[in-house]
Structure formats: structure tokens, C-alpha cells
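As a plain string of letters, each chain reads:
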Amino acid sequence: MCMSFSSRSGSRRNAGVKVQRSDSQKKAALRKAKGGAKYLNAQSAELTFQDVVEKTLANIERLGNQTFALAPFSQYYDDWLINLRQIVLEFETLPDVTPDTVFIEEREQAFLDIQSALTTHRMQESAVTEAEKALYALNQELRTIETAYTEDSRTLNNKKNADTQQLTNQVKTLEEDRANQEDLKFGVFQFGAKKAATKKLEQTQQNLASTKKLLEKISQNFTTEHTQLHEKYVAKKQELATKSETLHKTIEQIEIDTSIETRKKTCTQLNNAIKELIKRLPTTTTTADTNSNN
């Protein structure tokens, strides 16, 4: 019976052909990201400084909570980083913001960390792709050994039938000869003829016994050979099943967007850095913002 180790990578399989963004699509996404990020400066004249800060923090937090629905998730990383950099850049270029050394170091470290982490996630997804290829090859190998086992079993059975049929016919013939010779033995009364009939009957019985013994030996040999063939097939199939389970585990590890925790951590770091920078800004900035509210 043919069986295969099916892939459990639902989302990846449902996706069909992997989504690949063309250069024009990436450029369009970049223009959209830049245009959206300029929203802060465009609205800065109407919003208070505190409003702009809160909007910046909210946008960064939103990116930190963003999930990518369709694998491969690494296709979204570049645009996500562009959006994050643009939001931070727009904040840094506000008239009332002067990034100091501490903030710059924290910001650069955060981006270095996330770039390194996303590189690792890309490698993990690449490993999953290789695992899926290996799983496909494994299924092909399984079908091959199942086909080979079926063919070898059929060949072995055909040979057994051919070899044993000839001996079975010989046994049948010898049994008929024995029966006829027994009748002849008891029907002969002359001493010489009776002795010859007895000797012939004994020879037939010996031939019959040796033929039956040979038939039994051949049948046993075929049984042993088929058992060995089956055990070899089962052992190989178990080996493939173990490999399949390992590949499935590798694939399942990246079935969801595992980068979200790393990205959320980076966004939290950036937001904390911005909050600490605000505390270090000259008091005239926050004072002016308070007065404008009054």
C-alpha cells in the first residue's frame, strides 16, 4: 500500500507559488512609506510637540505589533525596516528635537540588533525551504521503495509458483504410481514378479519422499526470502518516517511569523530611547508646548 509523508506546512502550501516582489513593487512601497512618514512634519504646524511625540510612539508601537500573514515572511522585512527608519528619521528632523550621542547610539544599536535578528530569521526560512525540498524527495524515495517492494514480491511469488508447480506435479504423479504399484504388488502371486513389484514400489516411495522434502525445502526458502525482503522494506520505511518527522518539525517551527517578538522588542527599545531623549531636551521645548496648550 502506497503512503507518503505529507507536509503539514499549511500556510506555505496554501500560498501556492511564493510571493516575490518585483523591483517596481518594492520602489512603490518605498515611496508610499516615505510619503506616509512625512505626515509628522506636515502636521507639525497644527499639532503640539507632545502630540507629535505621542503619534511617533504610537506609529512605532504599531509596527512592533504588525504581523505578516503570508509565508515567506522575510519578503516583508525590507519594507518594514524602511517604514521604521522613516518614522524615526521624521521624528529626529523635527525642529524641537536634537538627537544627542546617547540617543544616536541607542538608535543605531537597536537597528543593528534587528537587522542581525532578521538575517537569522531569513536563514531559518531558507532552512525550511530546504526541508520542504528534502521532504518532497523523501516522499519520492518512499514511493520508489514501495514500488520496488511490490515488484520484488510479485517476482518472488511467480518464481515460487513456477518452481513448486513442477515439483507438485511430480508428487502427484509419484502418488499415482505408488497407488498403481501397490495394487500390482497385491495382484501378483509369483515370487519373482512380486519381489520386483515390491522393489519398484519401494523406489517410488523413496522418490516421493525426497520430492516432497525438496518441495518443502523450496517453500521454506521462499518464505525466508520473502520475510527478509519484507523486513528490509519495513526498516527502510521506518528510517524514512523518522526523517520525515524531523523535517516536519523543522517546517512547523516557522509556520507562523516568529519575527514578531524580535521586532516588538526593537520597537520598544526605540520608544524608550525617544522617551528618554525627550526628558533630556531643554525645558524650553516642553514649557513652550505646555504654554501653547494653555
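Only a predicted model underlies this, so the values are computations on that prediction, with no experimental measurement involved. (Residues numbered from 1 in each chain as written. Predicted model: local features only at pLDDT ≥ 70, side-chain atom pairs only at ≥ 80, totals over all residues. Heavy atoms only, no water.)

*Asks:* Would you mind showing me how to read the packing of aromatic side chains here?
*Replies:* All chains considered together, the criterion is met by three aromatic pairs. Relative to Y76, the ring of F68 has its centre 4.9 Å away and its plane inclined at 25°; by these criteria the two rings are stacked. Of the aromatic side chains, those joined through ring pairs into one cluster are F68, Y76 and Y77. Here the basic side chain of R85 rests over the ring of F111, its NZ or CZ set 4.2 Å away from the ring centre. The ring of W80 is capped by R263, whose NZ or CZ atom sits 5.2 Å from the centre of that ring. (Phe/Tyr/Trp six-rings, centres within 6.5 Å; stacked < 30°, edge-to-face > 60°. Lys NZ or Arg CZ within 6 Å of the ring centre and 35° of its normal.)

*Asks:* Quick question: what am I supposed to make of the pattern of salt bridges here?
*Replies:* Pairing between side chains of opposite charge can happen when their charged atoms approach one another. Per the stated rule, a full pass over the model turns up 10 salt bridges. For R263, the salt bridge is made with D257, and the minimal N-O distance between the two is 2.7 Å. Using a relative accessible area of 0% as the deciding quantity, one classes R263 as buried. Exposure remark for D257: the relative accessible area of 9% places this residue in the buried category. Several salt bridges share partner residues, and in doing so they unite E141, K236, E239 and K243 into one network. (Salt bridge = Lys/Arg side-chain N within 4 Å of Asp/Glu carboxyl O. Buried < 20%, exposed > 50% of the residue type's maximum accessible area, 1.4 Å probe, protein only.)

*Asks:* Would you mind going over the nonpolar core with me for this structure?
*Replies:* Formed by 31 residues in total, the largest nonpolar core has its most connected members in I60, W80, L84, F91, F111, I274 and I278. If you list the elements that add at least two residues to this core, you get helix 4 (49–64), helix 5 (77–92), helix 6 (101–187) and helix 8 (260–280). Among all residues touching W80, those that are not within four sequence positions of it are L63, Q66, F68, I114, R263 and C267. Counting nine residues, the second largest nonpolar core, distinct from the first, contains L135, Y233, L240 and L247. (Core = buried A, V, L, I, M, F, W, Y, C linked by side-chain atoms within 4.5 Å. Helix = DSSP H or I, 4+ residues; strand = E, 2+ residues; numbered from the N terminus. Contact = heavy atoms within 4.5 Å.)

*Asks:* Before we go on, may I ask you to explain the environment of T147 in this structure?
*Replies:* Structurally, T147 is set in helix 6. The class for T147 is partly exposed, based on a relative accessible area of 48%. For T147, the side chain forms a polar contact with the main-chain oxygen of R143, separated by 2.9 Å. (Polar contact = N/O pair within 3.5 Å; in protein donor to acceptor, adjacent residues only side chain to side chain.)

*Asks:* When you look at the packing of helix 5 against helix 8 in this model, what are you seeing that I'm missing?
*Replies:* Between two packed helices, both the angle of their axes relative to each other and the distance between the axes serve to describe the pair. Interhelical geometry of helix 5 versus helix 8 gives an angle of 5° and a closest axis separation of 12 Å. Relative to helix 8, helix 5 is oriented roughly parallel. Judged by residue contacts, W80, L84, V88 and F91 of helix 5 engage R263, T266, C267, L270, I274, L277 and I278 from helix 8. Within the contact of helix 5 with helix 8, the residues separate by chemical class into nine nonpolar, one polar and one charged. (Axes fitted to C-alpha atoms, helices over the stretch in contact; angles between N-to-C directions. Parallel < 35°, antiparallel > 145°, perpendicular 65-115°, else oblique. Nonpolar A, V, L, I, M, F, W, Y, C, P; charged D, E, K, R; others polar.)

*Asks:* Explain the environment of V171 to me, please; I cannot follow it from the model alone.
*Replies:* Turning to its location among the elements, V171 is positioned in helix 6. Looking at V171, the relative accessible area reads 9%, which means it is buried.

*Asks:* Just to check I follow, could you spell out the confidence of the model for the protein chain for this structure?
*Replies:* Interpreting fine coordinate detail is not advised for predicted regions of low pLDDT. The pLDDT averaged across the protein chain works out to 77; a share of 72% of its residues lies at or above 70. The secondary-structure element of the protein chain with the lowest mean pLDDT is helix 1 (residues 10–14), recorded at 42, while helix 5 shows the highest, at 96. The low-confidence segment residues 32–40 (pLDDT under 50) makes 15 contacts with residues lying over four places distant or belonging to another chain. Across residues 290–294, where pLDDT falls below 50, the model places two contacts with residues more than four positions away in sequence or in other chains. (pLDDT = per-residue confidence, 0-100.)

*Asks:* What's the story with the packing of helix 4 against helix 5 in this structure? I'm lost.
*Replies:* With their axes 10 Å apart at the nearest point, helix 4 and helix 5 run at an angle of 170° to one another. Compared by their axis directions, helix 4 and helix 5 come out roughly antiparallel. Where helix 4 crosses over helix 5, the two elements pack in a sense that is left-handed. Only W80, N83, L84, I87, V88 and F91 of helix 5 make contact with helix 4, whose side of the interface consists of V53, T56, N59, I60, R62 and L63. Of the residues assigned to the contact of helix 4 with helix 5, the class counts are eight nonpolar, three polar and one charged. (Left-handed = near helix turned anticlockwise from the far one by under 90°.)

*Asks:* Sorry if this is basic, but what is going on with helix 8 here?
*Replies:* Along an α-helix, residues three or four positions apart point the same way, because every turn accommodates 3.6 residues. For helix 8, with 21 residues, the first-to-last C-alpha span of 30 Å sits near the 30 Å given by 1.5 Å per residue. Taken together, the buried positions of helix 8 are occupied by I260, R263, T266, C267, L270, N271, A273, I274, L277 and I278. Angularly, the buried residues of helix 8 cover 155° about the axis, an arc narrow enough to put them on a single face. The exposed residues of helix 8 that point more than 90 degrees off its buried face are E261, K265 and K279. (Expected span 1.5 Å × (residues − 1). Arc of directions from axis to C-beta.)

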